[in-house]
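Below are the chains, spelled out letter by letter.
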Amino acid sequence: MAVTVIQWTWRILPNGTLIKGYTFNPWWGCLKVSEECHHCYAEDIAHHYGHEVWGPASTTSRRVFREKHWQEPRAWNRQAKKQGHRRSVFCASIILPMSPWGKGTWPDNVWVGTSVGVQKRAEERVPYLLEIPAVVRFLSCEPLLGSLDLSPWISQLQWVISGGESGYEARPMNMEWPRSLRDQCQEAQVPYFFKQIGGRYHDSGGRELDGRTWDEIPPEFPIGCLT
Ligand code: SF4
């Protein structure tokens, strides 16, 4: 839909140029399924625009975007080809593990991840994620609401992102939680991205963990996927 402020979609080219990523969703609407969803910002935005699209699909409508909307990613792709580098697009924040793409051939330019804010969610979701043969499988540990032990799965993950919650009622994050994730990633040599400490606004607490930022991103893979 637009250039995004989500830093983990940004890339820096070898010449130092910053390329910001995009967000794109084929539909609008979701269902709160766990404690991580309590303060869902996407729901707040939908309410702001007068759309009642959060709730069970059986009783709540979804707003599905039409053909005009699909012209945007096509335009980004044309631009990327012209400039010779890819754009990162955060697309469709819901994934169905049993979809036709789930266990079969997975497009080689698609990275797939799941949200995990507490240990229980990791145990529920990561096994499904690991069934998907994507080139990069990642966790978005946001909002991080507790300590996570990723040891059963970390050797099969290619990226871990974490961050605290933001918003009026943001739940505070204990810095030991992202610190532990960073340490687990370092030991397993998995790229680690620390998005934010959180607070009332997304930048209230800054982005530093132990005196520096952590912006590790998996390498572009596979090479030449624009062609
Ligand atoms: S799954 Fe994501 S988009 Fe859906 S309600 Fe939860 S936080 Fe919001």
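Residues numbered from 1 in each chain as written. Predicted model: local features only at pLDDT ≥ 70, side-chain atom pairs only at ≥ 80, totals over all residues.

## Some remarks on the overall build of the protein chain
So, step 1. When helices and strands are tallied, the protein chain shows five helices and 11 strands.
So, step 2. Over its C-alpha atoms the protein chain spans a radius of gyration of 18 Å, differing by no more than 12% from the 17 Å that the globule rule assigns to 227 residues.
So, step 3. Burial statistics for the protein chain: of 227 residues in total, 22% are counted as buried.
So, step 4. Here the analysis covers contacts within the protein chain between residues at least 6 apart in sequence; of these, 61% occur between residues at least 24 apart. (Helix = DSSP H or I, 4+ residues; strand = E, 2+ residues; numbered from the N terminus. Rg over C-alpha atoms; globule rule 2.2 N^0.38 Å. Buried ≥ 20, exposed ≤ 12 C-beta atoms within 10 Å, placed from the backbone. Contact = placed C-beta atoms within 7 Å.)

## Regarding the sheet that holds strand β10 (residues 159-163)
So, step 1. Spatially, the four strands line up as an open sheet ordered β8-β9-β10-β11, and their pairing is parallel. Edge strands, defined here as strands with exactly one partner in the open sheet, are β8 (112-115) and β11 (192-196). Averaged over all neighbouring strand pairs, the angle between strand axes comes to 20 degrees, with direction disregarded. (Pairing = 2+ DSSP bridges. Axes fitted to C-alpha atoms, helices over the stretch in contact; angles between N-to-C directions.)

## Describing the environment of V33
So, step 1. Structurally, V33 is set in the loop between β5 (27-28) and α1 (41-48).
So, step 2. V33 gets classed as exposed once you count the C-beta atoms within 10 Å, which come to 11.
So, step 3. Along the chain, V33 and G55 lie 22 residues apart, while their C-alpha atoms are 9.6 Å from each other.

## Some words on unusual backbone geometry
So, step 1. The omega angle of the peptide bond from E142 to P143 is -15 degrees, so this bond is cis rather than trans.
So, step 2. Within the secondary structure, P143 sits in the loop between β9 (137-141) and β10.
So, step 3. The phi angle at Q189 is positive, at roughly 60 degrees, despite the residue not being glycine.
So, step 4. Mapped onto the elements of the fold, Q189 is located in the loop between α5 (176-188) and β11.

## Remarks on the site of the ligand
So, step 1. For the ligand, the set of nearby residues contains eight residues, the closest of which are C30, K32, C37, C40 and A42.
So, step 2. Tallied by class, residues from the shell around the ligand come to five nonpolar, one polar and two charged. (Near = placed C-beta within 6 Å. Nonpolar A, V, L, I, M, F, W, Y, C, P; charged D, E, K, R; others polar.)

## Regarding the nonpolar core
So, step 1. Residues L139, C141, V160, I161 and Y192 are the most contacted members of the largest nonpolar core, which totals 23 residues.
So, step 2. Elements represented by at least two residues in this core include exactly β9, β10, α5 and β11.
So, step 3. Setting aside chain neighbours within four positions, we find Y192 in contact with V160, L181, R182, C185, W214 and E216. (Core = buried A, V, L, I, M, F, W, Y, C linked by C-beta atoms within 7 Å.)

## Topic: helix α2 (residues 67-83)
So, step 1. Compared with the 24 Å implied by 1.5 Å per residue over 17 residues, the 25 Å span of α2 between its first and last C-alpha is a close match.
So, step 2. Little of α2 sits inside the fold, with zero of its 17 residues counted as buried. (Expected span 1.5 Å × (residues − 1).)

## Observations concerning the pairing of β10
So, step 1. A large share of β10 lies buried, amounting to five of its five residues.
So, step 2. Neither face of β10 is open: one carries W159, I161 and G163, the other V160 and S162, and all of them are buried.
So, step 3. Pairing of β9 with β10 involves four bridges; the strand directions are parallel. The partner of S140 across the bridge, within β10, is I161.
So, step 4. Two strands pair when backbone bridges link them, and β10 and β11 are joined in this way by four bridges, in the parallel orientation. Within the sheet, the bridge partner assigned to G163 lies in β11 and is Q196.
So, step 5. For the handedness criterion, the β-α-β arrangement of β10, α5 and β11 is classed as right-handed. (Right-handed = clockwise from strand over helix to strand, strands pointing away.)

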